[in-house]
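Residues per chain, in single letters:
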Amino acid sequence: MRLKDQLAFVRQNVKKNKVRTFMTILATAMGCTFLIVLASIGYGLQQTIVEDTLEQQIVTKIDIHGYEKEDGRFRSLTMDDIDYLESIDGVKAVTRRNHLQQIPTFSTGDYIEEAEAVIAHFPSEIKSGLKLKEGRLPKNANEIVIGYHFPKHLHPDSIKEQDLYSKDGELKENYQYKEELIGKSIKMTVKRLDGEKEVTHIIPLKVVGILEKPTKEWMQDRNVYISQEVLEEIVGFTGTPNGNPRQEEGMEEANKAADTFDEVKVYTTNLEAVKGISDQLDDANYASYSVVKEMEQINMLFTIAKAGLILVGTIAILIASIGIYNTMTMAVTERAPDIGIMKAIGANPRTIKRIFLLESSYIGVIGAVVGVIVAYAVSFLVNFGLPIIIEAAFTEQLPDNLKFSAIPGTLIVISVSICLAVTILSGMRPAKRATQIDVLKAMRREI
Amino acid sequence: MINVKQLSHSFTLGKKDPKTTLPVLKDISFNVKRGEIVSVIGKSGSGKSTLLNLISGFSQPTEGEIWIDGQQVTNFTEAEFADFRLSHLGFIFQSFQLIPSMTAYQNIELPLVSKGVNEYDRKQITIELLKKTGLINYQGHYPSELSGGQQQRVSIARALVLNPPIILADEPTGSLDSETEADLLQFIKQLNKERGITFLIITHDDAVAAIGNRTIAIKDGRLLEVGDAQ
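Residues numbered from 1 in each chain as written. Chains lettered and ligands numbered in written order. Predicted model: local features only at pLDDT ≥ 70, side-chain atom pairs only at ≥ 80, totals over all residues. Heavy atoms only, no water.

Caption draft 1: Main features of the overall build of chain B. Scanning chain B for helices and strands turns up 7 helices and 10 strands. In summary, chain B has a C-alpha radius of gyration of 18 Å against a globular reference of 17 Å for 230 residues, a match within 12%. If you line up chain B on its principal axes, its C-alpha atoms span 50 × 40 × 35 Å. Here chain B holds 230 residues, and 53% of them are scored as buried. Residue pairs in contact within chain B that sit at least 24 positions apart in sequence constitute 68% of those at least 6 positions apart. About 10,500 Å² of surface is accessible on chain B, with carbon and sulfur atoms providing 46% of the total. If the 23 positive side-chain charges of chain B are averaged to one point and the 26 negative ones to another, these points end up 2 Å apart. (Helix = DSSP H or I, 4+ residues; strand = E, 2+ residues; numbered from the N terminus. Rg over C-alpha atoms; globule rule 2.2 N^0.38 Å. Buried < 20%, exposed > 50% of the residue type's maximum accessible area, 1.4 Å probe, protein only. Contact = heavy atoms within 4.5 Å. Areas by Shrake-Rupley, 256 points an atom, 1.4 Å probe, with all protein chains shown as cover. Lys, Arg positive; Asp, Glu negative; His and termini not counted. Charge placed at Lys NZ, Arg CZ, Asp CG, Glu CD.)

Caption draft 2: Molecular detail of the packing of aromatic side chains. All names here are of chain B. This model, assessed by the stated rule, comprises 11 aromatic pairs over all chains. Aromatic side chains Phe81 and Phe84 sit 6.0 Å apart centroid to centroid with 85° between the ring planes, which places their arrangement in the edge-to-face category. With Phe81 and Phe84 both in helix 2 (residues 78-88), this residue pair falls 3 residues apart, about one helical turn. Judged by relative accessible area, which is 3%, Phe81 ranks as buried. (Phe/Tyr/Trp six-rings, centres within 6.5 Å; stacked < 30°, edge-to-face > 60°.)

Caption draft 3: Up close: the side chain of A:Asp221. Residues and elements named next belong to chain A. Examined against the element boundaries, Asp221 turns out to sit in the loop between strand 12 (197-211) and strand 13 (224-226). One buried charged residue, Asp221, forms no salt bridge at all, with the nearest opposite charge on Arg97 at 6.3 Å. Residues contacting Asp221, with those up to four places away along its chain left out, are Gly147, Tyr148, His149, Phe150, Leu211 and Pro214. (Salt bridge = Lys/Arg side-chain N within 4 Å of Asp/Glu carboxyl O.)

Caption draft 4: Up close: the pattern of salt bridges. Per the counting criterion, the structure on display carries 24 salt bridges over all chains. For the salt bridge of A:Asp338 with A:Lys16, the shortest nitrogen-to-oxygen distance reads 4.0 Å. Within this pair, whereas A:Asp338 is found in helix 10 (residues 336-344), its partner A:Lys16 is found in helix 1 (residues 3-16), the two being separated by 322 residues in sequence. Its relative accessible area of 42% is what places A:Lys16 among the partly exposed residues. The salt bridge involving B:Glu78 is made with A:Lys343; its shortest N-O contact spans 2.6 Å. Highlighted residues: B:Glu78 in helix 2 and A:Lys343 in helix 10, drawn from two different chains. Using a relative accessible area of 41% as the deciding quantity, one classes B:Glu78 as partly exposed. Accessibility expressed as a relative area gives 2% for A:Lys343, which makes it buried. What you see here is one network of salt bridges that share partners, running through A:Arg2, A:Asp5, B:Glu109 and B:Arg122.

Caption draft 5: Spotlight on the pairing of strand 5 (residues 105-108) of chain A. All names here are of chain A. The alternating pattern of strand 5 places Thr105 and Ser107 and Phe106 and Thr108 on opposite faces, both of which are buried. For strand 5 and strand 6 (residues 111-114), the ladder comprises 4 bridges, and the chain directions are antiparallel. Across the sheet, the residue bridging to Phe106 is Glu113, located in strand 6. Pairing between strand 5 and strand 11 (residues 185-194): 3 bridges, direction antiparallel. By the bridge assignment for strand 11, Thr105 is matched with Thr189. (Pairing = 2+ DSSP bridges.)

Caption draft 6: Region of the structure containing helix 11 (residues 349-394) of chain A. All names here are of chain A. Here helix 11 is 46 residues long and its end C-alpha atoms lie 62 Å apart, about the 68 Å a rise of 1.5 Å per residue gives. The sharpest bend along helix 11 comes to roughly 30°, located at Gly385, with the proline Pro387 sitting one to four residues further on. At the N-terminal boundary of helix 11, the capping side chain belongs to Asn348, with an oxygen 3.0 Å from the backbone nitrogen of Arg350. Backbone geometry just downstream of helix 11 places Thr395 in the positive-phi region, at approximately 45°. (Expected span 1.5 Å × (residues − 1). Bend = angle between axes of the 7 residues up to and from the residue. Polar contact = N/O pair within 3.5 Å; in protein donor to acceptor, adjacent residues only side chain to side chain.)

Caption draft 7: Structural context of the layout of surface pockets. Residue and element names in this part refer to chain A. Of the pockets and cavities examined, the largest pocket occupies roughly 820 Å³. In terms of lining, the largest pocket is formed by 27 residues, of which the most central are Ile58, Leu130, Pro214, Met219 and Tyr267. The set of elements that each furnish at least two residues to the lining of the largest pocket consists of strand 4 (91-99), helix 4 (122-128) and strand 15 (263-268). (1 Å grid on protein atoms, 1.4 Å probe; cavity = no way out; pocket = protein on both sides within 12 Å on 5 of 7 lines; lining within 4 Å. Points joined across faces, edges and corners; volume = space filled by probe spheres on them.)

Caption draft 8: Representation of the sheet that holds strand 5 (residues 71-72) of chain B. Residues and elements named next belong to chain B. One open sheet holds the 4 strands; their spatial order is 2-1-4-5, and the pairing between them is antiparallel. Sheet topology places strand 2 (21-32) and strand 5 at the edges, where each strand pairs with a single neighbour. Pairing analysis gives 8 bridges linking strand 1 (residues 2-12) to strand 2, with the strands arranged antiparallel. Bridge pairing in strand 2 places His9 opposite Leu25.

Caption draft 9: Representation of the environment of A:Ala344. Along the chain, A:Ala344 falls in helix 10. We classify A:Ala344 as buried; its relative accessible area is 0%. C-alpha of A:Ala344 to C-alpha of A:Ala442: the two residues are 98 residues apart in sequence and 9.8 Å apart in space. In this view, A:Ala344 contacts A:Val439, A:Met443, B:Phe58, B:Arg85, B:Phe91 and B:Phe93; residues no more than four positions away in its chain are not counted.

Caption draft 10: Summary view of the interface of chain A and chain B. Counting from both sides, the interface comprises 23 residues of chain A and, opposite them, 28 residues of chain B. Taking both sides of the interface into account, the surface hidden between chain A and chain B amounts to around 2,200 Å²; carbon and sulfur atoms contribute 56%. Inspection of the region where chain A meets chain B yields 3 salt bridges. The residue B:Arg122 makes a salt bridge to A:Asp5 at a minimum N-O spacing of 2.8 Å. Taken together, chain A and chain B are joined by 9 residue pairs in polar contact (both at pLDDT 80 or more). Within the residue set of the side of chain A that touches chain B, elements represented by two or more residues are helix 1, helix 10, helix 11 and helix 13 (439-443) of chain A. Across the side of chain A that touches chain B, the residue classes break down as 11 nonpolar, 4 polar and 8 charged. (Buried area = accessible area lost by both parts, 1.4 Å probe. Nonpolar A, V, L, I, M, F, W, Y, C, P; charged D, E, K, R; others polar.)

Caption draft 11: Spotlight on the domain arrangement of chain A. When the domains of chain A are assigned, the result is domain 1 (3-56 + 297-443) and domain 2 (61-269). Relative placement of domain 1 of chain A and domain 2 of chain A: their C-alpha centres are 59 Å apart. (Domains from an automatic or database assignment.)

Caption draft 12: Fine view of the state of the cysteines. All names here are of chain A. Enumeration according to the criterion identifies 0 disulfides over all chains in this entry. Sulfur of Cys32: no disulfide; nearest cysteine sulfur belongs to Cys419 and is 4.3 Å away. For Cys419, a relative accessible area of 0% puts it in the buried group. (Disulfide = S-S within 2.5 Å.)

Caption draft 13: Quick look at empty space enclosed by the protein. All names here are of chain A. Enumeration over the complete set of coordinates arrives at 2 cavities of 30 Å³ or more. Estimated volume of the largest cavity: approximately 140 Å³. If you trace the largest cavity, you find 14 residues lining it, with Phe9, Asn13, Arg335, Asp338 and Met342 closest to the centre. Put simply, the parts of the chain that give the lining of the largest cavity at least two residues each are helix 1, helix 10 and helix 11. Looking at which element gives the most residues to the lining of the largest cavity, the answer is helix 1, with 4 residues. Broken down by class, the residue content of the lining of the largest cavity amounts to 8 nonpolar, 3 polar and 3 charged. Its volume calculated, the second largest cavity comes out at about 90 Å³.

Right under this line is the structure:
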């Protein structure tokens, strides 16, 4: 029998008992909706956390915190390590920075600002994607590049700090520095502590470039990027590594460790390379962190959670399957005489089995389709309504990107597959029973 | 065409002791030639319907062999017999055995659907048979809306729809009045003559048996005689 005719039989049979079929489809749809909505909470929260994490990180970046020696202690990275890192396939750039171990003061005219001074390797920074908003890169020792937000925090030295900022923490408009900074001379004041006495040293610098705004909205770049020569001048003044104003215990040891870097970051050519390079760095005893690694852990946890939720949701479909089993068993019993006649005139038992399996699949498919539609509606309502209810009930502000429920394509595929598998399985026994119907008994209406 | 060899059949009585059996057919042997009309006569309970059920494959014989069109059907699985029935056998039942939820058209078309014939051909064949059996104006009627004679004609049309070489008929006139009976017997004769269809007719009615070329009489499960219908 052709599939088209089998489907026609199914439609005809379904029409015979519309109410019973409708109720069975309803139960299946409810089960499917429950499964999808339940699991969608896992998907939604995962999506929120992943998005939140990705928003705060550059995904192709791997932070290298140090190298683990054989004795289990860590050492800072040196140029040899940088050379090794740069030699790895898939590495786009290796940026290395040192941070001045004190917060110097920068001033121009009456305006002043305390900002962190960073010694960066600009060729690798540019390679990694750092861009200038205006100006150029430093060519001479006293030339500097400033972060995008540095000019926005320059303020008059004569005004008290409590008067500088508005209620929302922003520097008041009338105190902001309005002039062009490129080409301006700026004084950098560093200090050294001789016992209790503070000695200062002024280094004249010239602003030649301003970096572009950081890609992440929440990031603030107020750094001042100074040259290695300026750092050496400060080190010469303080007599401590990286310009720490005070000589501290154990520093003699650190003094010997020249040419090390405080902050080393590896940038990969693409996202796919991150995992392989991370694993390679782990194998080579480098302590590294990448958002991809963190994502792996987050995803692993959520995979377990989602599997659990899907399992619980499947129970609802299993309950619905009892209804399908019951419906199909009744259908077989009611149609036993017809089945007997069909068998008598040559219908193959396999065909009869297939018709009943198609009928239970039909219930499953319609139930799954309705279930998916309703699940999307419920998911939308949950995402729209629940934050309002929670905020009203608990007077707490929820994060903007918080998603209680998300229904990706994979969840639909999984749920519909489970739904179909369960409905087909529940129709198996009644379908088998249909094939076992005794022709003579059926024709004598003894079943 | 049909060759029955030393066929015996017993019914098992009850479920607790399967050894208790009731023999209904004992050592039956006969054959039906291609194009013959053979009537099997016997009183009620003689085993003639059981014989037809065994030949039809609706139940399995306890002993013996049945050969139809050169194939030993007693070895067939249920699925094999279903396919064999579809291609070789047509059935006419005393109680018509029409599906009540299907129209006359759909009932006649059913074997064609089972065989997987396409819709166009199905329509051609079914309409032709509806015309031939005088049911063209009743094609949309359900069995409950037809008289006994009309239902039997639907049943015959259904038996003929796949053009089988053999038709097995179990008391085909049992539910019909004498006038309709005569029409039906005439139709059977015509089919035998025109299409060369072999008929094996189970009946207790001598008038029905008389249309056959030969008669097989069964009494108490045993073959009593095989002879000319006359």
